[in-house]
Amino acid sequence: MLVKELKAIFHKELDTIYGKDEVFSFFFMLTEAYCNISRLDVALDTALSITKEEQDPLFRALEALKKNTPIQYILGETEFYGLPFAVNENTLIPRPETEELVQLIIDAHPKQSGTDNVSILDIGTGSGCIAISLAKNIVDSVVCALDVSAKAIQKAKENAVLNAVNIDFVEVDILDESTWGLATRVSKFDIIVSNPPYVRHLEKQQMQANVLDNEPHLALFVEDNDPLVFYNAITKFAVTNLKPKGALYFEINEYLGEEMIALLETYGFSNIKLVQDMFGKDRMISGLKV
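Owing to the predicted nature of the structure, the values given are computational and were not obtained by experimental measurement.

1. Some thoughts on the side chain of D190
Consideration 1: Looking at where D190 falls in the secondary structure, it is placed in strand β6 (residues 189-194).
Consideration 2: A polar side-chain atom of D190 sits 2.9 Å from the main-chain amide nitrogen of S119.

And the structure:
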């Protein structure tokens, strides 16, 4: 089959779901991954063809895309903060807003600690994208990461190896205080960061079908009547486990910025900063332990 013929099939089947430009991008991501064929290859050789064996994974991907499976899950990989990450149905797909959280920490870190070995804890690590990106970019850092999901930790460990960083991963339910003693071998941290579940069920209608139908709800949703449940537990944990002047960072629900400020104030944090993301939404908050 000619590649241009297969491309026409993708557009016919998918343009009404995703739009022409996104389907164009999907197609060449798949041909690059499965056939080592780039957009330039097709432009230079309009008669370029692929074998039946090469077609099969592309048609399987087409069927998956028709069912709203994210392209990252189909390929089993994505990029975050310029680094490669393996992902699957047990991990959230890293978002650009979370890259901004990582950048915020990297930019501020010299102000947070006078030590050379900055100790960092990532709570609810998922694919490990935050922990690994910080370990890669903050020299001589000691990074630990927690998650309630053993399957997520397995994938995060794979990503740590993929990116050649050493991180201590531990399976812990941060909502269960009886497990906090197992959390880490590091006694006190310079930085604690978390992107916990924060989407209320009432906000589901605002989400795309490919997210709702595929990404792990355990890592996404909280009850409408207790949307700060994870933030409350993590902030309480941070009071005990941060060094004096240690910093706490969160990615947050855009609608709950004022509630997050009040929460950090309740636990005695100072220098609280609510930060907007690239879309002008309240997306990050930080504070210092007194």
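2. Some remarks on the sheet that holds strand β11 (residues 282-288)
Consideration 1: With mixed pairing, the seven strands of this open sheet are ordered in space as β5-β4-β3-β6-β9-β11-β10. Looking at which strands have only one partner, the edges of the open sheet turn out to be β5 (167-171) and β10 (270-276). Adjacent strand axes in the sheet meet at a mean angle of 15 degrees, parallel and antiparallel pairs treated alike.
Consideration 2: Pairing between strand β3 (residues 119-123) and strand β4 (residues 142-147): five bridges, direction parallel. Residue I120 lies in a different strand from β4, and its bridge partner there is V143.
Consideration 3: Relative to strand β9 (residues 242-251), helix α6 (residues 96-108) is tilted by about 160 degrees, and along the sheet it contacts β6, β9, β10 and β11.
Consideration 4: Each of β4 and β5 is contacted by helix α8 (residues 150-162), which is oriented at about 170 degrees to β5, the strand it contacts most.

3. A few points about the nonpolar core
Where a protein is soluble and globular, its nonpolar side chains tend to be buried together.
Consideration 1: The biggest cluster of nonpolar side chains holds 34 residues, and the ones touching the most others in it are I192, F250 and M260.
Consideration 2: When contributions to this core are tallied by element, the ones reaching two or more residues are β3, β4, β6, β8 (221-222), α10 (229-241), β9 and α11 (257-266).
Consideration 3: Broken down by element, this core gets its largest block of residues, five residues, from α10.
Consideration 4: Among all residues touching F250, those that are not within four sequence positions of it are L101, S194, P196, Y231, I234, T235, M260, L264, R283, M284 and I285.
Consideration 5: With 30 residues, the next largest nonpolar core counts F80, I106, A131 and I191 among its residues.

Reading the values: rules and limits
Residues numbered from 1 in each chain as written. Predicted model: local features only at pLDDT ≥ 70, side-chain atom pairs only at ≥ 80, totals over all residues. Heavy atoms only, no water. Helix = DSSP H or I, 4+ residues; strand = E, 2+ residues; numbered from the N terminus. Polar contact = N/O pair within 3.5 Å; in protein donor to acceptor, adjacent residues only side chain to side chain. Pairing = 2+ DSSP bridges. Axes fitted to C-alpha atoms, helices over the stretch in contact; angles between N-to-C directions. Contact = heavy atoms within 4.5 Å. Core = buried A, V, L, I, M, F, W, Y, C linked by side-chain atoms within 4.5 Å. Buried < 20%, exposed > 50% of the residue type's maximum accessible area, 1.4 Å probe, protein only.

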